[in-house]
Number of protein chains: 2
Amino acid sequence: MATSKKTKQRDWAGSTGSHDHRLCIVDALDKAAELCSQRGARLTQIRRRVLELIWSSHRPIGAYSLLEVLKEERANAAPPTVYRAIDFLLEQGLVHRIQSQNAFIGCPNPDPNQPHNGMFLICTDCGNAVELEESKIDRLLKSSASNQGFVIESRTVEAAGLCPDCQLN
Amino acid sequence: MATSKKTKQRDWAGSTGSHDHRLCIVDALDKAAELCSQRGARLTQIRRRVLELIWSSHRPIGAYSLLEVLKEERANAAPPTVYRAIDFLLEQGLVHRIQSQNAFIGCPNPDPNQPHNGMFLICTDCGNAVELEESKIDRLLKSSASNQGFVIESRTVEAAGLCPDCQLN
DNA sequence: ATCACAAATGTTATACTATAACAATTATTA
DNA sequence: TAATAATTGTTATAGTATAACATTTGTGAT
Ligand SMILES: [Zn+2]
Ligand SMILES: [Zn+2]
Ligand SMILES: [Zn+2]
Ligand SMILES: [Zn+2]
């Protein structure tokens, strides 16, 4: 039979259909405003807008894609415009860099104290990415490094594959 | 007292002093030749030389650094020359890409059957990197992904920090 | 050996990603 | 309001990677 039967273990947060993404955006911008205010960091118009653009989907987005959109609203936008905004957002832990794509994605759970490195599942088909919360993996990595006398300060974990939605096709 | 007392848990394979690196290079080239021969893949002069250059240290090296050296020996070397060689070596699983540095490093243990993704500890001070063998982390990642219905096909794991040598300074 | 074909390399140009450097503007605070 | 710091504007350039097509080299068949 052709009936599509989804057997999801858990909602895939990257799926477009599974939630009202406008809420993701509003929520992210609210959190950002509060965090910045607490820290005395200035979430300027440009920075806020870039964050909003990054949150426009659950797909990592590149600096020059952001620039294209920004240019329509702000004639004098240039690479430094967007890179500075990204740098700020990265420093504040509001977005993460996806190393395997030279792209950026919003952090759904910015740490109020200090920024963290995200761990990501990235769909090679639809491009959506979700951030994992797996302290176990971090602990394992740390202990494995420590066996060699190595002290980890930051890390990149990015897994590529097929999200539940895209496995159906 | 100023005596340097090292308390190493295990030899840090990235350390220059801890071993005769010429053996690493010879060994890597031998393995590569054998693997390619088994597969009917052609380890040409350029490809072999690029592999050798990548193995010239335990530091990830960028394509354009390789090109600089290559140009001294081969006047008409150009970006495609080195990128094609790198592509071949990546396909054969003889080298890995370090995403966080846009650079490449030799695989000390190329899989005879199919290439694997490496997991790396990378020293932010001396630049040396070593590949971890941690199937536990892979299993954890896979199971964590599977909780969300996500199937991993490849992954990037890169940890930055201080190697045992550089912690002494 | 010679031909036909495929693989590898040569060559030029260009796309994409990121930062340097300095000027102008805007916000903060003394 | 003047001094200072932070942000943004502007131009140029560095660094990474690939497209496209020509040429050469290797391989197997005749
Ligand atoms: Zn959403
Ligand atoms: Zn997908
Ligand atoms: Zn070595
Ligand atoms: Zn080191």
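Look up: the structure comes first, before these words.
Structural notes, computed from the coordinates. Here the structure is a predicted model, which is why all the values come from computation and not from measurement. (Residues numbered from 1 in each chain as written. Chains lettered and ligands numbered in written order. Predicted model: local features only at pLDDT ≥ 70, side-chain atom pairs only at ≥ 80, totals over all residues. Heavy atoms only, no water.)

Below, the discussion takes up the coordination of the zinc ion (ligand 3). Metal coordination angles have textbook ideals: 109.5 degrees for a tetrahedral set of four donors and 90 or 180 degrees for an octahedral set of six. Residue and element names in this part refer to chain B. Of the protein atoms, only His19 (NE2), His21 (ND1), Cys24 (SG) and His58 (NE2) coordinate the zinc ion (ligand 3), at distances of 1.9 to 2.2 Å. Of note is the zinc ion (ligand 3), whose 4 donor atoms meet at the metal with angles of 99 to 122° in an arrangement that counts as tetrahedral. Sequence spacing of the donor residues for the zinc ion (ligand 3), all on one chain, is H-x1-H-x2-C-x33-H. (Donors = N, O, S within 2.8 Å, 3.2 Å for Na, K, Ca; no water. Tetrahedral: all angles 85-135°; square planar, octahedral: opposite > 155°, others 65-115°.)

With that settled, consider the packing of aromatic side chains. Enumeration according to the criterion identifies 4 aromatic pairs over all chains in this entry. Over the face of the ring belonging to A:Phe88 we find A:Arg47, whose NZ or CZ atom lies 4.0 Å from the ring centre. (Phe/Tyr/Trp six-rings, centres within 6.5 Å; stacked < 30°, edge-to-face > 60°. Lys NZ or Arg CZ within 6 Å of the ring centre and 35° of its normal.)

Our focus in this paragraph is the coordination of the zinc ion (ligand 2). Residue and element names in this part refer to chain A. The zinc ion (ligand 2) binds to the protein through Cys123 (SG), Cys126 (SG), Cys163 (SG) and Cys166 (SG), with metal-donor distances spanning 2.2 to 2.4 Å. In this structure, the zinc ion (ligand 2) is surrounded by 4 donor atoms whose angles at the metal cover 103 to 112°, and the resulting shape is tetrahedral. As a motif over one chain, the donors of the zinc ion (ligand 2) read C-x2-C-x36-C-x2-C. A residue pair is termed long-range when its members are at least 10 positions apart, and Cys123 in strand β3 (residues 119–123) and Cys166 in helix α6 (residues 164–167) qualify at 43 residues. Neither residue differs from the other here; Cys123 and Cys166 are each classed as buried. (Helix = DSSP H or I, 4+ residues; strand = E, 2+ residues; numbered from the N terminus. Buried < 20%, exposed > 50% of the residue type's maximum accessible area, 1.4 Å probe, protein only.)

Below, the discussion takes up the relation of the copies chain A and chain B. Each copy of the sequence occupies a distinct position, and chain A is placed on chain B by a rotation of 180° and an axial shift of 0.0 Å, giving an RMSD of 0.0 Å. Between the two chains, the operation in question is that of a two-fold axis. Using C-alpha coordinates, one finds that chain A approaches the rotation axis most closely at A:Val157, a distance of 2.3 Å. When you check the interface residues of chain A against chain B, 100% turn up at the interface there too, and the contact is symmetric in its surfaces. (Least-squares fit on C-alpha atoms with pLDDT ≥ 70 in both. Contact = heavy atoms within 4.5 Å.)

In this section: the protein's contact with DNA strand D. Surveying the vicinity of DNA strand D reveals 18 residues, the closest of which are A:Thr44, A:Asn76, A:Arg84, B:Tyr64 and B:Tyr83. Sugar plus phosphate: this is where 53% of the atoms of DNA strand D within 4 Å of the protein reside. A:Arg47 is positioned such that a nitrogen or oxygen atom in its side chain is 3.2 Å from a phosphate oxygen of DNA strand D. With respect to DNA strand D, the side chain of A:Asn76 contributes an N or O atom lying 3.2 Å from a phosphate oxygen. Elements represented by at least two residues in the surface near DNA strand D include exactly α2 (45–54) and α4 (79–91) of chain A together with α4 (79–91) of chain B. Broken down by class, the residue content of the surface near DNA strand D amounts to 7 nonpolar, 4 polar and 7 charged. (Near = heavy atom within 4 Å. Polar contact = N/O pair within 3.5 Å; in protein donor to acceptor, adjacent residues only side chain to side chain. Nonpolar A, V, L, I, M, F, W, Y, C, P; charged D, E, K, R; others polar.)

Every one of the 18 residues lining DNA strand C counts as a neighbour, but A:Tyr64, A:Arg97, B:Thr44, B:Asn76 and B:Arg84 are closest to it. Among all atoms of DNA strand C positioned within 4 Å of the protein, those belonging to sugar or phosphate total 53%. At 2.6 Å from a base nitrogen of DNA strand C is found a side-chain nitrogen or oxygen belonging to A:Tyr64. Between a base nitrogen of DNA strand C and a side-chain N or O atom of A:Arg84, the distance comes to 3.2 Å. Listed by contribution, the elements that provide at least two residues to the surface near DNA strand C are α4 of chain A together with α2 (45–54) and α4 of chain B.

A few words on the pattern of salt bridges. Residue and element names in this part refer to chain A. All told, the structure shown has 10 salt bridges over all chains when counted by the stated rule. Arg22 is the salt-bridge partner of Asp20, the closest N and O atoms lying 3.0 Å from each other. Classification of Arg22 as exposed rests on a relative accessible area of 62%. As a salt-bridge pair, Glu52 and Arg49 come within 2.9 Å of each other at their nearest N and O atoms. Here the residue Glu52 and the residue Arg49 both occupy positions in helix α2, the gap between them amounting to 3 residues, near one helical turn. (Salt bridge = Lys/Arg side-chain N within 4 Å of Asp/Glu carboxyl O.)

Taken in spatial order, the 6 strands make up an open sheet running β4(A)-β3(A)-β5(A)-β5(B)-β3(B)-β4(B), and their pairing is mixed. This sheet does not close on itself; its edge strands, each paired only once, are β4 (129–132) of chain A together with β4 (129–132) of chain B. Across the sheet, the mean angle separating the axes of adjacent strands is 20° when strand polarity is ignored. With 5 bridges joining them, β3(A) and strand β5 (residues 151–162) of chain A adopt parallel strand pairing. (Pairing = 2+ DSSP bridges. Axes fitted to C-alpha atoms, helices over the stretch in contact; angles between N-to-C directions.)

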